[in-house]
Amino acid sequence: SPAPALGPPPGPAGLWALPTGRGAAGAVPGGSGIAGLSSHLNSPGLPGRVLELVFSYLELRELRSCALVCKLWHRVLHGDENSEVWRSLAARCLAEEALRTDILCNVPTYKGKVRAFHHAFSTNDCSRNVYIKKNGFTLHRNPIAQSTDGARTKIGFSEGRHAWEVWWEGPLGTVAVIGIATKRAAMQCQGYVALLGSDDQSWGWNLVDNNLLHNGEVNGSFPQCNNAPKYQIGERIRVILDMEDKTLAFERGYEFLGVAFRGLPKVCLYPAVSAVYGNTEVTLVYLGKPLDG
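This text gives an overview of the structure that appears in the document. Owing to the predicted nature of the structure, the values given are computational and were not obtained by experimental measurement. (Residues numbered from 1 in each chain as written. Predicted model: local features only at pLDDT ≥ 70, side-chain atom pairs only at ≥ 80, totals over all residues. Heavy atoms only, no water.)

Some remarks on the pairing of strand 15 (residues 281-288)
Buried residues dominate strand 15, accounting for eight of its eight residues. Two elements, strand 3 (residues 138-141) and strand 15, share three bridges in a ladder whose sense is antiparallel. Each residue of the ladder has a partner; that of His 140, found in strand 15, is Glu 281. Bridging between strand 5 (residues 161-168) and strand 15 involves six bridges; their strand directions are antiparallel. Considered in strand 15, the bridge of Glu 165 is made with Val 285. (Buried < 20%, exposed > 50% of the residue type's maximum accessible area, 1.4 Å probe, protein only. Helix = DSSP H or I, 4+ residues; strand = E, 2+ residues; numbered from the N terminus. Pairing = 2+ DSSP bridges.)

Quick look at the structure:
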């Protein structure tokens, strides 16, 4: 199936909707707020390029407020995802490593790269035995014996359709699981186990044994084919969460592997991983809304 298009995620994110409207609140550094900025910049015939240059100095929260002011400002912010606005914001909030390496190679626009950063692993919602590297997207598991360690992303989803990529950059060990979890799912436990899928709060695919896991039980093999190939280090797996159909599916490369889980609950679900091997690293990059096909 085709690579997913970058679309605005709904729900808790609230960062990308940028709806039209009037009466927005918000502060602009060194100014008198969005309303004051509007009175100076919303004059008839003001070139969009001027607005773009001014917006390039603002942060994401302020840009969201700007998009509420009028249709012109909304159009300037939405018209080009590689505009100076998003290019400048990406340069300020993303690490140089993330921009100059192939971590974000499947995220073609600067707006998409900024969005991916805000959907990356959370430094505050992971096991104490892992840390998020300076690139902002890669989890590193410390060599701690008899521990299974996981991490969730900063933003979860309760509606819409979403896709992200996950890949291992070190040995899998005996258990390596990718999937989704609620906020209640544990991100650390004793021993070497399939942490994602160990209770009714998480769903996972163990890349080592090609098993699906939920509620502490194996829900069959995946992919469902004879002699399914084993995961290879560095191989990007695309995860597709459809909160409308309540399904979780996976792709390898551009091969659709099938729906892994159906009947997901209508709760906020977070992309997540769990690992056991010391010094292994896992990278997760949010892609946006997947295309049908």
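What to know about the side chain of Arg 238
On the secondary structure map, Arg 238 appears in strand 11 (residues 237-242). The exposure class assigned to Arg 238 is buried, which follows from its relative accessible area of 4%. A polar side-chain atom of Arg 238 sits 3.4 Å from a polar atom in the side chain of Glu 165. (Polar contact = N/O pair within 3.5 Å; in protein donor to acceptor, adjacent residues only side chain to side chain.)

Remarks on the sheet that holds strand 11
Spatial strand order, 2-3-15-5-11-12-13: seven strands in an open sheet with antiparallel pairing. A single partner strand is all that each edge strand has here, and the edge strands are strand 2 (130-132) and strand 13 (255-262). Direction aside, neighbouring strands of the sheet carry axes that sit 25° apart on average. Bridge count for strand 5 against strand 11 is six bridges, and the pairing is antiparallel. Across the sheet, Trp 164 pairs through a bridge with Val 239, a residue of strand 11. (Axes fitted to C-alpha atoms, helices over the stretch in contact; angles between N-to-C directions.)

Section: the pattern of salt bridges
Working definition: two side chains of opposite charge can pair if their charged atoms are close together. In the structure shown here, the tally under the stated rule is ten salt bridges. Glu 59 is the salt-bridge partner of Arg 92, the closest N and O atoms lying 3.0 Å from each other. In this pair, Arg 92 is assigned in helix 5 (residues 84-93) and Glu 59 in the loop between helix 2 (48-55) and helix 3 (60-67), connecting sequence segments 33 residues apart. Looking at Arg 92, the relative accessible area reads 39%, which means it is partly exposed. Classification of Glu 59 as partly exposed rests on a relative accessible area of 38%. Several salt bridges share partner residues, and in doing so they unite Glu 165, Arg 236, Arg 238 and Glu 251 into one network. (Salt bridge = Lys/Arg side-chain N within 4 Å of Asp/Glu carboxyl O.)

Section: the pairing of strand 8 (residues 202-206)
Among the five residues in strand 8, five count as buried, and that is most of the element. Of the two faces of strand 8, both are covered, the one formed by Ser 202, Gly 204 and Asn 206 as well as the one formed by Trp 203 and Trp 205. Pairing geometry for strand 6 (residues 176-181) and strand 8, over five bridges, is antiparallel. From the neighbouring strand, Ala 181 faces strand 8, where its bridge partner is Ser 202. Taken together, the four bridges between strand 8 and strand 9 (residues 211-214) define a ladder with antiparallel strand orientation. Directly across from Gly 204, in strand 9, lies its bridge partner Leu 213. Hairpin connection, strand 8 to strand 9: the antiparallel pair is bridged by four residues, and Asn 210 has positive phi, about 55°.

Overview of the nonpolar core
Formed by 68 residues in total, the largest nonpolar core has its most connected members in Phe 55, Ile 178 and Phe 250. Counting residues domain by domain, this core receives three or more from each of domain 1 (48-114) and domain 2 (123-288). Once residues lying within four places of it in the same chain are set aside, the contact partners of Ile 178 are Val 166, Trp 168, Leu 196, Trp 203, Gly 204, Trp 205, Leu 207, Ile 237, Val 239, Phe 250, Ala 272 and Val 273. Residues Val 175, Met 187, Leu 213 and Ala 272 belong to the second largest nonpolar core, which totals nine residues. (Core = buried A, V, L, I, M, F, W, Y, C linked by side-chain atoms within 4.5 Å. Domains from an automatic or database assignment. Contact = heavy atoms within 4.5 Å.)

Looking at unusual backbone geometry
Between Phe 222 and Pro 223 the backbone carries a cis peptide bond, its omega angle lying at -5°. Mapped onto the secondary structure, Pro 223 falls in the loop between strand 10 (217-221) and strand 11. Not every positive phi belongs to a glycine, and Gln 146 is a case in point at roughly 50°. Positionally, Gln 146 belongs in the loop between strand 3 and strand 4 (147-153). Phi is positive for Lys 246, which is not a glycine, with a value near 60°. A relative accessible area of 34% places Lys 246 in the partly exposed class.

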